[in-house]
Amino acid sequence: MQFNPQEITALAQADAAAPRMDIYAFIHKALRAYMFDTLLGLGRVDAEDDLELSQAGARVLQLLSFCRSHLHHENTFVHPAMERHAPGSTAAVEQEHDGHGQAIAALADAAQQLMQCPRERRARVAHALYQQLALFVAHNFEHMQLEETAHNAVLWAHYSDAELAAIEGALIASIPADEMLVTLRWMLPSMTPSERAMVLGDMRRNAPPGIFDTALSVMRPHLSNGEWGKLARALELAR
Ligand SMILES: [Fe+2]
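Residues numbered from 1 in each chain as written. Predicted model: local features only at pLDDT ≥ 70, side-chain atom pairs only at ≥ 80, totals over all residues. Heavy atoms only, no water.

The name given to the protein in an unreviewed UniProt entry is Hemerythrin-like domain-containing protein, with Acidovorax ebreus as the source organism.

See below:
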């Protein structure tokens with residue numbers, strides 16, 4: 001996907017259309033935050049510090065595992081729904097997903113090498129991995145925009161919001177508990193206050209007992225006092 005300056009001017013028209021159910025919006029906010037935070041952490045790592053270096057390497061590996069699962073979720077739940085009504089509509093993104101799968105494997109290999117490499121080479125290997133991870137992140141940012149525009153256009157043309165919510169519900173139900181905790185940790189703090197209140201309010205009403213409290217505790221350390229106050233007021237929580 002090439003950068004298109006005209007898309008910037010199109011922002012002024014963003015409020016013209018009624019909002020539709022966007023199954024990409026929240027998970028992509030999570031991914032952008034998670035990718036950027038991991039990249040920043042790697043850029044700041046002290047290669048002389050054994051613990052810091054291994055933690056930075058482990059964080060890269062965890063991010064890559066999360067990205068691998070995300071590809072799988074989209075390929076399994078979203079793309080078949082699109083292909084059912086618009087054959088060929090996922091071809092470009094599927095091809096990019098194949099490329100992402102290869103990049104994830106190569107980056108994971110490089111992260112393992114960093115964690116095992118001799119002390120005198122660590123700084124150079126860490127910087128090389130930082131640059132390659134930055135390229136991967138840059139491509140993913142463009143890729144997510146393609147999905148949020150072209151893919152959403154197909155989904156909105158062929159599915160009602162209730163049907164899209166059902167597709168998303170099936171996807172969420174397939175996510176194991178440990179991955180869900182990582183998702184909540186990155187997704188909830190990355191939302192606007194009104195989005196956060198809406199998602200958590202829905203969770204309190206509909207999710208199994210305990211999930212709501214877990215979500216609050218996972219998110220709390222990553223909110224400012226002001227953000228927490230807005231959420232507490234919106235959900236009438238005891239503070
Ligand atoms: Fe994707």
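Draft legend 1. Fine view of helix 8 (residues 193–206). When the terminal C-alpha atoms of helix 8 are compared, their 20 Å separation across 14 residues agrees well with the 20 Å that a helix rising 1.5 Å per residue should span. Listed as buried for helix 8 are Glu 195, Arg 196, Ala 197, Val 199, Leu 200, Gly 201 and Met 203. Elements in contact with the buried residues of helix 8: helix 2 (25–43), helix 7 (177–187), helix 9 (211–219) and helix 10 (225–235). (Helix = DSSP H or I, 4+ residues; strand = E, 2+ residues; numbered from the N terminus. Expected span 1.5 Å × (residues − 1). Buried < 20%, exposed > 50% of the residue type's maximum accessible area, 1.4 Å probe, protein only. Contact = heavy atoms within 4.5 Å.)

Draft legend 2. Highlighting the domain arrangement of the protein. Split into domains, the protein comes out as domain 1 (23–175) and domain 2 (191–239). Distance from the C-alpha centre of domain 1 to the C-alpha centre of domain 2: 25 Å. (Domains from an automatic or database assignment.)

Draft legend 3. Spotlight on the nonpolar core. Within the largest apolar cluster, 50 residues are counted, with the highest numbers of intra-cluster contacts made by Leu 133, Leu 200 and Leu 231. Mapped onto this core, the elements with two or more residues apiece are helix 2, helix 3 (50–85), helix 4 (91–116), helix 5 (122–158), helix 7, helix 8, helix 9 and helix 10. A per-element tally of this core places helix 3 first, with eight residues. When residues of this core are sorted by domain, at least three fall in each of domain 1 (23–175) and domain 2 (191–239). (Core = buried A, V, L, I, M, F, W, Y, C linked by side-chain atoms within 4.5 Å.)

Draft legend 4. Examining the environment of Met 35 more closely. Looking at where Met 35 falls in the secondary structure, it is placed in helix 2. According to the relative accessible area criterion, Met 35 is buried, its value standing at 0%. Taking the C-alpha atoms as reference, Met 35 lies 29 Å from Glu 83; in sequence the two are 48 residues apart. When sequence neighbours within four positions are dropped, the list of residues in contact with Met 35 reads Leu 63, Cys 67, Phe 136, Val 137, Asn 140, Phe 141 and Met 144.

Draft legend 5. Broad picture of the packing of aromatic side chains. Summed over the entire model, instances satisfying the criterion amount to two aromatic pairs. Plain terms: the ring middles of Tyr 34 and Phe 66 are 5.4 Å apart, the flat faces sit at 65° to each other, and that makes the pair edge-to-face. Separated by 32 residues along the polypeptide, Tyr 34 in helix 2 and Phe 66 in helix 3 bring together distant segments of the chain. Each member of the pair Tyr 34 and Phe 66 is classed as buried. When the centroid spacing of 4.7 Å and the interplanar angle of 15° are considered together, the rings of Tyr 34 and Trp 186 count as stacked. Of this pair, Tyr 34 sits in helix 2 while Trp 186 sits in helix 7, and the two are 152 residues apart along the sequence. Of the two residues, Tyr 34 and Trp 186, neither departs from the other in class, the shared state being buried. Pairwise contacts between aromatic rings join Tyr 34, Phe 66 and Trp 186 into one cluster. One cation-aromatic arrangement involves Arg 185 over Trp 186; the distance from NZ or CZ to the ring centre is 3.5 Å. (Phe/Tyr/Trp six-rings, centres within 6.5 Å; stacked < 30°, edge-to-face > 60°. Lys NZ or Arg CZ within 6 Å of the ring centre and 35° of its normal.)

Draft legend 6. Spotlight on the pattern of salt bridges. In this structure the tally under the stated criterion is eight salt bridges. With a closest N to O distance of 2.8 Å, Asp 50 and Arg 122 form a salt bridge. Remark: Arg 122 occurs in helix 5 and Asp 50 occurs in helix 3; sequence separation between them is 72 residues. (Salt bridge = Lys/Arg side-chain N within 4 Å of Asp/Glu carboxyl O.)

Draft legend 7. Here's a closer look at the coordination of the iron ion. Taken together, the protein donors to the iron ion comprise Glu 74 (OE), His 97 (NE2), His 143 (NE2) and Glu 147 (OE), at separations of 1.9 to 2.3 Å. Taken together, the four donor atoms coordinating the iron ion and their angles of 81 to 164° define a geometry best described as irregular. Written as a sequence motif, the donor residues of the iron ion are E-x22-H-x45-H-x3-E. With Glu 74 in helix 3 and His 143 in helix 5, the pair connects residues that are 69 residues apart, well separated along the chain. Judged by relative accessible area, which is 2%, Glu 74 ranks as buried. (Donors = N, O, S within 2.8 Å, 3.2 Å for Na, K, Ca; no water. Tetrahedral: all angles 85-135°; square planar, octahedral: opposite > 155°, others 65-115°.)

Draft legend 8. Just the environment of Asp 213, in detail. With respect to the helices and strands, the residue Asp 213 is situated in helix 9. On the accessibility criterion, Asp 213 (52% relative accessible area) is exposed. In the structure, Asp 213 is positioned 78 residues away from Leu 135 in sequence and 37 Å away in space, judged by C-alpha atoms.

Draft legend 9. Highlighting the side chain of Asn 140. Position of Asn 140 relative to the elements: it lies in helix 5. Within polar-contact distance, the side chain of Asn 140 engages the backbone oxygen of Phe 136 at 2.9 Å. Excluding residues within four positions of it along the chain, Asn 140 makes contact with Met 35 and His 100. (Polar contact = N/O pair within 3.5 Å; in protein donor to acceptor, adjacent residues only side chain to side chain.)

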